[in-house]
Amino acid sequence: MKRKQKIFNILFVFFLVFFLSSNVLAKDLKTNLKIIQKESEVKDLKDEKVYLSKSIVDSDLENGEVTIELKLSNTKEDLSLKEDTEIFLVIDNSGSMDYKATDGRTRKSILLDSTRKFVDTILKENSNVKMGVIKFHGKYATLIQHSAAELVTNLTKDKSAILDGITTIENTACEGGTNIQDALIKAKKSFSNSDSKKMIILLTDGLPNEDKSSYVADKEMIMTNQKYLQILENTKNELMSTNKDGITTISLMTGINSGDVNSSGEVISSTEDDIKAIKLIFGTEENPTVGKFYNCKTMKVEEVVKNDITKDVQSFLGTPIHNVKIVDYFPEEIIENFEFSYVDNPNIGSTSEAIDIDTNTITWDIGNLKVNEAATLRYKLKLTNMQNLAILNKEISTNEKVVLTYSDVDSKNKTITLNDSPKIQLVEWIPEQEKKEDNTIANKVLPSAGITNIFIIVTLAILVIIILVFISIKMMHYRKIK
C-alpha cells in the first residue's frame, strides 16, 4: 500500500511540474502572426473574363489580426486604364422604311423599337460605353440636294439622349433614296480620336441607289447597269474600309421578300438582282464581307436584334454575368481560434450577417456584375489567444475554399471553385534587439525567455522525478535488507 502511495506521489509531482511549466510557457511566450502566403491563385473563366481572387490586404500581426479581401472582377483589364467603347447606330430613314409589315406596323417602328431595347440592355450592363445616332437616306432624289447622312446624337453615355435621338428619327419623315456610303463615311468621321474600341451597327431595309457622287432611279437598279454596279462596288469598298480602320461592323438588312406592302397597299417582292446586289455588298451570313451580317424578314427584326446583334455586341464589349453568388468556406482552425468581423459592407450586393455555424460559411449575394466592374468584400480575422500552443507554428489556411456560381447571357449556370488561400502562422516573436548578436560578457547566465523555458523546466522536472524514483527504490531495497 505504501509503495502505491509513493508511486502516486511521484506521478502527482510530475504532472504538477508539467502543468506549472506549461503555464509559465504560456505566460512567458511572446508570439505574433506571420503571413506565409499573401494571395491566393487567381481563378478565371476565360469565356466570360471572370476573375476570382482572395488576398491579405492589411494586418496587425502583433495583435494577431489580418484583413482579407475577396474580389470578383468581370474584366481582363485595369478599370482605370480602360477607354470607353464607342458605338454608332446608323439607321436607315429612306422612303421604304414606311412600308408596312404583315402585322400593320411600319418597318421603321419595328426597327426603332428593337433598337431602343438594344440600347437599354447594353447600357444597363456596361459602364464604359458611349453611343451615337446617325440617320441616312438619299440626297439626289429630292428637289433640294442636302446631306444624305446626319449626326442626330453625338457619342454619349447618357441613355436618355440616345433614346431621344432615336425618337427624333421616328418623328422625322422618311426621305427618298438610300446612300449607305455617305452614312458609313459620316460615322467614321464622328468617332473620337482616342484608341478606344469602335463599332458601327448599320440598320437598313434597302439597297443603295446612290453613293457620294452618283445616283440611279429605282428602275435602273439592275445588275446589267454599270453605273448601278459601280454604286454597289463603292458601297462595298466603304464597308470594307471600316475594317481597315479598326472599326467592327454589324450590318442588318431587312424587308427582303417579307410580304410587306407600300403606301399603295401593293406587296413588295425582291428580284433576283436584289439578292445578287445584297451578296455583292454584304456577302452572306456565313461569309460576310466584314464583321457580322444578318439578312432577315421584317417580322424577324426584333428577334435578330435581341438574340443575335445584342449578343454580338456583348461579346465585343465583354459579357455581363447574372445571379452571382459567392460562398466562402472556413476551416475548423479559423472557426475555433479566430474572431470574424466584416470591415464594411461590400461595394456590390449583400452578405450573411455572420458565419453559419452549421456549414462554416459566409454567403455573398452579388446579383448582376456588369462588364468592367469589380465586386469586393473585406473582413477581419483576429486570433483570440496569442499564447495558443495548440496552433503554434501550424500553417493555417484562411479559408477552405471559395465557390462562385453565376449564369451567363444564355442563362447557363457556371461554377468556379477557388481551393487556394492566403495562409498564416502563429510563431514565437523575438524582439529585434534580442535577435542581434550580443558580445557583452556577463557575470552570470542571463535568463532566456519564451520557448526556451520549456526545455529548462521540463528537464528540471525529469531530473526531480528521476531523483525521487531513485530514492524510493533505495528506500525499498533498504527495508527489505533490514
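Along each chain, residue indices are assigned from 1 in the same order as the chain's sequence is written. It should be noted that, the model being predicted, local features are given only for residues of pLDDT at least 70 and side-chain atom pairs only at 80 or more, the latter also being counted only at that level, while totals for whole chains, interfaces and linings use all residues. Processing note: side-chain calculations cover all non-hydrogen atoms of the structure and skip hydrogens and water entirely.

(A) Molecular detail of the pattern of salt bridges. Salt bridges are identified by distance alone: a Lys or Arg side-chain nitrogen within 4 Å of an Asp or Glu carboxyl oxygen. Counted according to the given criterion, the structure contains 21 salt bridges. For the salt bridge of Arg378 with Glu69, the shortest nitrogen-to-oxygen distance reads 2.9 Å. One end of the pair, Arg378, is in strand β15 (residues 374–383); the other, Glu69, is in strand β4 (residues 65–73), and 309 residues separate them in sequence. Between buried and exposed lies partly exposed: a residue is buried under 20% and exposed over 50% of the maximum accessible area for its type, with that area taken using a 1.4 Å probe on protein chains only. With a relative accessible area of 13%, Glu69 lands in the buried category. Between Arg105 and Asp103 there is a salt bridge, with its nearest N and O atoms 2.6 Å apart. Since its relative accessible area comes to 26%, Arg105 is described here as partly exposed. Numbering goes from the N terminus for both helices and strands, where a helix is a DSSP run of H or I of at least four residues and a strand is a run of E of at least two.

(B) Main features of the nonpolar core. The set of buried Ala, Val, Leu, Ile, Met, Phe, Trp, Tyr and Cys residues whose side-chain atoms join them within 4.5 Å is what this entry labels a nonpolar core. Grouped together as the largest cluster of nonpolar side chains are 38 residues, with contacts concentrated most on Leu52, Leu72, Ile326, Ile366 and Leu404. Ranked by size, the runner-up nonpolar core spans 33 residues in total, among them Val119, Ile162, Ile166 and Met199.

(C) Looking closely at the environment of Leu184. Considering the arrangement of structural elements, one finds Leu184 in helix α4 (residues 180–190). Each C-alpha atom, one on Leu184 and one on Ile201, is 9.9 Å from the other, the two residues being 17 residues apart in sequence. With sequence-adjacent residues up to four places away left out, Leu184 is seen in contact with Ile200, Thr235, Glu238 and Leu239. Should any heavy atoms of two residues lie within 4.5 Å, those residues are counted as being in contact.

(D) Expanded view of the confidence of the model for the protein. Scored between 0 and 100, pLDDT is the confidence that the predictor attaches to each residue. A residue-level look at the protein finds 80% of positions with pLDDT of 70 or above and a mean pLDDT of 86. Across the protein, the secondary-structure element scoring lowest on mean pLDDT is helix α1 (residues 2–28), at 52, and the one scoring highest is helix α3 (residues 159–170), at 98. The low-confidence segment residues 19–25, where pLDDT is below 50, has nine contacts with residues more than four positions distant or belonging to other chains. Predicted confidence is poor over residues 440–452, with pLDDT under 50, and the contacts of this stretch with residues over four places away or in other chains come to ten contacts.

(E) Here's a closer look at unusual backbone geometry. Even without being a glycine, Asn323 presents a positive backbone phi close to 50°. Along the chain, the position of Asn323 falls in strand β11 (residues 321–329). A relative accessible area of 56% places Asn323 in the exposed class. You will see that Asn360, though not glycine, has its phi angle at about 55°, which is positive. By secondary structure assignment, the location of Asn360 is in the loop between β13 (350–351) and β14 (361–369). Classification of Asn360 as buried rests on a relative accessible area of 13%.

(F) Summary view of the sheet that holds strand β10 (residues 292–296). Only strands joined by at least two bridges in the DSSP assignment are considered to pair. Reading across the sheet, the six strands line up as β7-β6-β5-β8-β9-β10 and stay open at both edges, with mixed pairing between neighbours. Looking at which strands have only one partner, the edges of the open sheet turn out to be β7 (149–156) and β10. Strand-to-strand twist in this sheet, taken as the mean axis angle between neighbours without regard to direction, amounts to 15°. Where strand β6 (residues 129–136) meets β7, five bridges bridge the pair, whose relative direction is antiparallel. Bridge pairing in β7 places Met131 opposite Thr156. All axes here are fitted lines through C-alpha atoms, helices being fitted over the stretch that makes contact, and every angle between N-to-C directions spans 0 to 180 degrees. Along the sheet face, α3 touches β5 (85–92), β6 and β7 and points at about 165° away from the line of β7.

(G) Expanded view of the environment of Ile185. Residue placement: Ile185 occurs in helix α4. When the C-alpha positions of Ile185 and Lys212 are compared, they lie 9.4 Å apart, and in sequence the two are 27 residues distant. Discounting residues that sit within four places of it in the chain, Ile185 has contacts with Lys212 and Glu238.

(H) Highlighting the pairing of β4. Along β4, eight of the nine residues are buried, which leaves the element largely enclosed by surrounding structure. Summarising the sheet, strand β3 (residues 50–60) and β4 pair through nine bridges and their orientation is antiparallel. Looking at the pairing, Asp58 lines up with Thr67 of β4. In this antiparallel pair of consecutive strands, β3 and β4, the connection spans four residues, and Gly64 shows a positive phi of 70°. Judged from the nine bridges that link them, β4 and β15 form a sheet pairing that is antiparallel. Opposite Glu69, over in β15, you have Arg378 as the bridge partner.

(I) Highlighting the packing of aromatic side chains. Here is the rule: rings of Phe, Tyr and Trp (six-membered ring for Trp) pair when centre to centre is within 6.5 Å. Planes less than 30 degrees apart are stacked, more than 60 are edge-to-face, and the remainder are tilted. Under the defined criterion, the tally for this structure stands at six aromatic pairs. Taking the centre distance of 5.1 Å and the plane angle of 75° together, the rings of Phe88 and Phe191 count as edge-to-face. Placement of the pair is Phe88 in strand β5 and Phe191 in the loop between α4 and β8 (198–204), with a sequence separation of 103 residues. According to the relative accessible area criterion, Phe88 is buried, its value standing at 0%. Three or more aromatic residues link up through ring pairs in this structure, and these residues are Phe330, Phe340, Tyr342 and Tyr379. In this structure, Lys197 is placed above the aromatic ring of Phe316, and the distance from its NZ or CZ to the ring centre is 4.7 Å. The criterion is that NZ of a Lys, or CZ of an Arg, lies within 6 Å of the ring centre and within 35 degrees of the ring normal, and then a charge sits over that ring.

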